[in-house]
Amino acid sequence: MLPAAVVTLGLFVAMTQLIRVDEVELAPVVHRPLLTITPQHKESEPNLIDRVPAPDVDVELPPMPPVTKTGPTVEGLPLPVIDRGDWDISREPIRFAPPAPQPIAERIAQAIRPPVASYPADMARRGLEGSCDVHFSLTTRGLPYDISATCSHAGFEKEAVRAVGRAEFLPEIRQGVPVESHNYVYPMEFKLQ
C-alpha cells in the first residue's frame, strides 16, 4: 500500500508541474456599445403595380324552379314549397349500413420471399453439383419449421435447410382462416456456372 501511495503522490506532483495556470494570459476585452438596436432603413416608396381590372362576364344561370309561399296543408308559419316541375332527377334512397365482412378465399401456401441458397464452398472446390428436396411445414404466419433435406450429396443439406428456414410464405387459408400446413417439398438445384 505504501508503494502505491508514493506512486500516486509522484504522479500528482508531476501533473501539477505540467499544468500551469499562471502561464495563460487572456486578451483584453474591447467593449463596443451599440448606438441603436434596430438597423436604420431609408424610407422608400412602395412598389405600385398598375393592374387592369378584369372585364365583367355575363353568365346566364338556369331559371330557378317556382316557389310558392305556403304549402296547401300547412297551418301557422309559411313554409317554402319547391315545385319539382319537369326535372329529370332520379333519386335513390341512401342506406347506411356497416360493411359486411368478406371471407378470404381458399388459398394454398405461396412463397413471398423464396429460398435463396449459397453454393457450399467445400462442394464448389470439389466441383460437385447436386439437387435437394427440402421437406417442411408452415405456421399460421407462414414461417417454415420442421425442415429436413434429402440431397444427392450430403454437403448440400445444411445450406438447403438454412435457405428454406429464411424464406417467407403466405400461409394456407381454409374457410377464411390461416392454418398450419404440412408436407411441403421445395426442390433446389445446385449447379456450377
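All values derive from a computational prediction rather than experimental measurement.

Conventions adopted
- Residues numbered from 1 in each chain as written.
- Predicted model: local features only at pLDDT ≥ 70, side-chain atom pairs only at ≥ 80, totals over all residues.
- Heavy atoms only, no water.
- Salt bridge = Lys/Arg side-chain N within 4 Å of Asp/Glu carboxyl O.
- Helix = DSSP H or I, 4+ residues; strand = E, 2+ residues; numbered from the N terminus.
- Buried < 20%, exposed > 50% of the residue type's maximum accessible area, 1.4 Å probe, protein only.
- Patch = residues over 30% accessible without salt bridge, like charges linked within 9 Å, V, L, I, M, F, W, Y side chains within 5 Å.
- Areas by Shrake-Rupley, 256 points an atom, 1.4 Å probe, with all protein chains shown as cover.
- Phe/Tyr/Trp six-rings, centres within 6.5 Å; stacked < 30°, edge-to-face > 60°.
- Pairing = 2+ DSSP bridges.
- Disulfide = S-S within 2.5 Å.
- Core = buried A, V, L, I, M, F, W, Y, C linked by side-chain atoms within 4.5 Å.
- Expected span 1.5 Å × (residues − 1).
- Axes fitted to C-alpha atoms, helices over the stretch in contact; angles between N-to-C directions.
- Contact = heavy atoms within 4.5 Å.

So, about the pattern of salt bridges. Scanning all chains against the criterion turns up five salt bridges. Here Arg 113 ties to Glu 168 by a salt bridge, and the two come within 3.6 Å at their closest N and O atoms. Taken together, the positions of Arg 113 in strand E3 (residues 110–113) and Glu 168 in strand E6 (residues 168–170) put the pair 55 residues apart, joining distant regions of the chain. Under the relative-accessibility criterion, Arg 113 is labelled partly exposed at 43%. In this structure Glu 168 comes out as partly exposed when scored by relative accessible area, which is 33%. Measuring nitrogen to oxygen at the nearest pair gives 2.9 Å for the salt bridge that ties Glu 172 to Arg 174. Under the relative-accessibility criterion, Arg 174 is labelled partly exposed at 42%.

A grouping of Leu 9, Phe 12 and Val 13 is seen on the molecular surface, where their side chains present a nonpolar patch of about 320 Å² in accessible area. Residue placement: Leu 9 occurs in helix H1 (residues 2–18).

Turning our eyes to something else, we now look at the packing of aromatic side chains. Going through the model one piece at a time under the given rule, you end up with five aromatic pairs. Measuring from centroid to centroid gives 5.7 Å for Tyr 119 and Phe 156, while their planes differ by 85°, and the two rings are edge-to-face. With Tyr 119 in the loop between E3 and helix H2 (121–126) and Phe 156 in the loop between strand E5 (144–151) and helix H3 (157–165), this residue pair connects regions lying 37 residues apart in the sequence. Three or more aromatic residues link up through ring pairs in this structure, and these residues are Tyr 119, Phe 156 and Phe 190.

Our next topic: the pairing of E5. Here strand E4 (residues 130–138) runs beside E5; their pairing, made up of six bridges, is antiparallel. When the sheet's bridge partners are listed, Leu 138 is paired in E5 with Pro 144. Hairpin connection of E4 to E5: five residues between the antiparallel strands, including Gly 142 at a positive phi of 85°.

Moving on to the state of the cysteines. Under the counting rule described, the total for this entry stands at one disulfide. Covalent S-S linkage joins Cys 132 and Cys 151, the inter-sulfur distance amounting to 2.0 Å. Linking Cys 132 and Cys 151, the disulfide has an S-S dihedral of approximately 115° and is accordingly described as right-handed. Linking Cys 132 in strand E4 with Cys 151 in strand E5, this pair joins segments that are 19 residues apart in sequence. Taken individually, Cys 132 and Cys 151 each receive the classification buried, so the pair is uniform in this respect.

A separate point is the nonpolar core. Ranked by size, the top nonpolar core spans 17 residues in total, and within it Cys 132, Val 134, Ala 160 and Met 188 carry the most contacts. Counting only elements with at least two residues in this core, the list comes to E4, E5, H3 and strand E9 (181–190). Here this core gets four residues from one element, more than from any other, and that element is E4.

Here we come to H1. Taking 1.5 Å per residue, 17 residues should reach 24 Å; H1 reaches 25 Å between its end C-alpha atoms and fits that length. Of all 17 residues in H1, zero are buried, a share of ten percent or less.

Turning our attention to the sheet that holds E5. Spatially, E5-E4-E9 is the arrangement adopted by the three strands of the open sheet, whose pairing is antiparallel. Looking along the sheet, the strands with just one partner apiece sit at the ends: E5 and E9. The average angle at which neighbouring strand axes cross in this sheet is 20°, direction not considered. Strand direction decides the pairing type here: E4 and E9, joined by eight bridges, are antiparallel. Its bridge partner being in E9, Gly 130 is matched across the sheet by Phe 190. Against the sheet, H3 contacts E4, E5 and E9, and its axis sits at roughly 150° relative to E5.

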